[in-house]
Amino acid sequence: MKISIVTPAFNSANTIRHTIESVACQTYPNIEYIIVDGGSRDATAKIVSQYSDVVDLFISEPDRGVYDAMNKGIRAASGDIIAILNSDDFYAHSRVLEQIVATFEESGADSVYGDLQYVDQHDPKQVIRHWESGVFKRRSFLVGWMPPHPAFFVKRVVYQRYGLFNLSLKSSADYELMLRFLYKHQVSAAYVPHVLVRMRSGGMSNATWRCRLRANLEDRLAWKINFIKPKIYTIFLKPLRKLHQFYYRPIQRAIITRENHPKNLSLDQYNQPLYLQRSRSN
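Glancing now at the packing of aromatic side chains. In the structure shown here, the tally under the stated rule is eleven aromatic pairs. Directly above the ring of Phe236 sits Arg220, whose terminal nitrogen or CZ lies 5.2 Å from the centroid. For Lys238, the ring lying beneath its charged end belongs to Tyr175, and the centroid distance is 4.6 Å.

Given below as structure tokens:
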């Protein structure tokens, strides 16, 4: 299996070298690495140019935000599996992708996800939050569950069949996409109970209470635009589930679990990509 990694970037000179090197040190050999830059005005492009042996495609042009950059990278990707690794994230160890591919092959699932840690911006060895995803059950979305997006790996054909990121959402497009894939369309998922990605704290949906409020409103919209209804308590439980991540430090377990979908997708099954298009009214 070939893995395409997409890194959206904008003025990321302070962190992108660490991101690239975490890809470069992966033991799994069949990797396509795509960086989509929004026209950075700092040294991002210069740093990326120093890794021509690692980066297969570098796109640098103005875009409509991080999710637009992700969509560009997904459209350009040729791998069987697609991963999103932000420019201030990095893989937790050198065998992450090897572990992901093994899980895809062993489980037969169309998506694989794992755990994530938030770390201090200046000291990535200092863990601030530990996000243990847990075993996927479709009904878990009703009580505010979601996997961490940077630790969510999906077969390219799933994007082709069910669409890309919805650009009408500014901070919850990742939640909407995973809700659409896993809950609405019941794409199969396998869980790797290990930390796969470390993310520097300070993401756009968590930066301030105002941003968190906007994200909460967009979470509601994510259900509405998919014509599915959450429970009354769903959206309130979603942020509350994060509280224990600040003090919970579990012992990682060596197990693999599987979930539902009786018919998995193959790359040969769908030849015509179906992408979400942003309407003119948005």
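There's plenty left to go through after this.
So, about the pattern of salt bridges. For the coordinates displayed, the defined rule picks out six salt bridges. Residue Glu98 is joined to Arg95 by a salt bridge in which the shortest nitrogen-to-oxygen separation is 2.7 Å. For Glu98, a relative accessible area of 29% puts it in the partly exposed group. A salt bridge links Asp219 to Lys238; its shortest N-O distance comes to 3.0 Å.

Before going further, it helps to spend a moment on helix 1 (residues 16-24). Side chains that are three or four residues apart share a direction in an α-helix, a result of its 3.6 residues per turn. All of the buried residues in helix 1 are Ile16, Thr19, Ile20, Ser22 and Val23. Angularly, the buried residues of helix 1 cover 160° about the axis, an arc narrow enough to put them on a single face. Where the residues of helix 1 are buried, they touch strand 1 (3-9), strand 2 (31-37), helix 2 (44-49) and strand 5 (89-91).

This part covers the pairing of strand 6 (residues 111-119). Where burial is concerned, most of strand 6 is hidden: nine out of the nine residues are buried. With three bridges connecting them, strand 6 and strand 8 (residues 152-155) associate as antiparallel partners. Paired with Val112 across the two strands is Phe153, which belongs to strand 8. With eight bridges connecting them, strand 6 and strand 9 (residues 189-200) associate as parallel partners. Among the inter-strand pairings, Asp115 is bridged to a residue of strand 9, identified as Val195. With four bridges connecting them, strand 6 and strand 7 (residues 127-131) associate as antiparallel partners. Opposite Val119, over in strand 7, you have Val127 as the bridge partner.

Reading guide: rules and limits
What you see as residue numbers is a count from 1 along each chain, following the sequence as written. Note on the predicted model: pLDDT of at least 70 is required for a residue's local features to be given, and 80 or more for side-chain atom pairs to be given and counted; whole-chain, interface and lining totals, by contrast, use all residues. Values reported for side chains reflect all heavy atoms of the structure, with hydrogen atoms and water molecules removed beforehand. Centre distance within 6.5 Å is the pairing criterion for rings of Phe, Tyr and Trp, where only the six-membered ring of Trp is used; planes under 30 degrees apart are then read as stacked, over 60 as edge-to-face, and the remainder as tilted. Each ring is checked for a lysine NZ or an arginine CZ that lies within 6 Å of its centre and within 35 degrees of its normal; such an atom marks a charge sitting over the ring. The salt bridge definition used is simple: a Lys or Arg side-chain nitrogen within 4 Å of an Asp or Glu carboxyl oxygen. For every residue, the accessible area (1.4 Å probe, protein chains only) is compared with the maximum for its type, and the residue is labelled buried under 20%, exposed over 50%, or partly exposed between those bounds. Starting at the N terminus, helices and strands are each numbered in turn, a helix being any DSSP run of H or I of at least four residues and a strand any DSSP run of E of at least two. To obtain the arc, one takes the directions from the helix axis to the C-beta atoms. The contact rule is simple, with two residues in contact once any of their heavy atoms fall within 4.5 Å. Paired strands, in this sense, are two strands between which DSSP finds at least two bridges.

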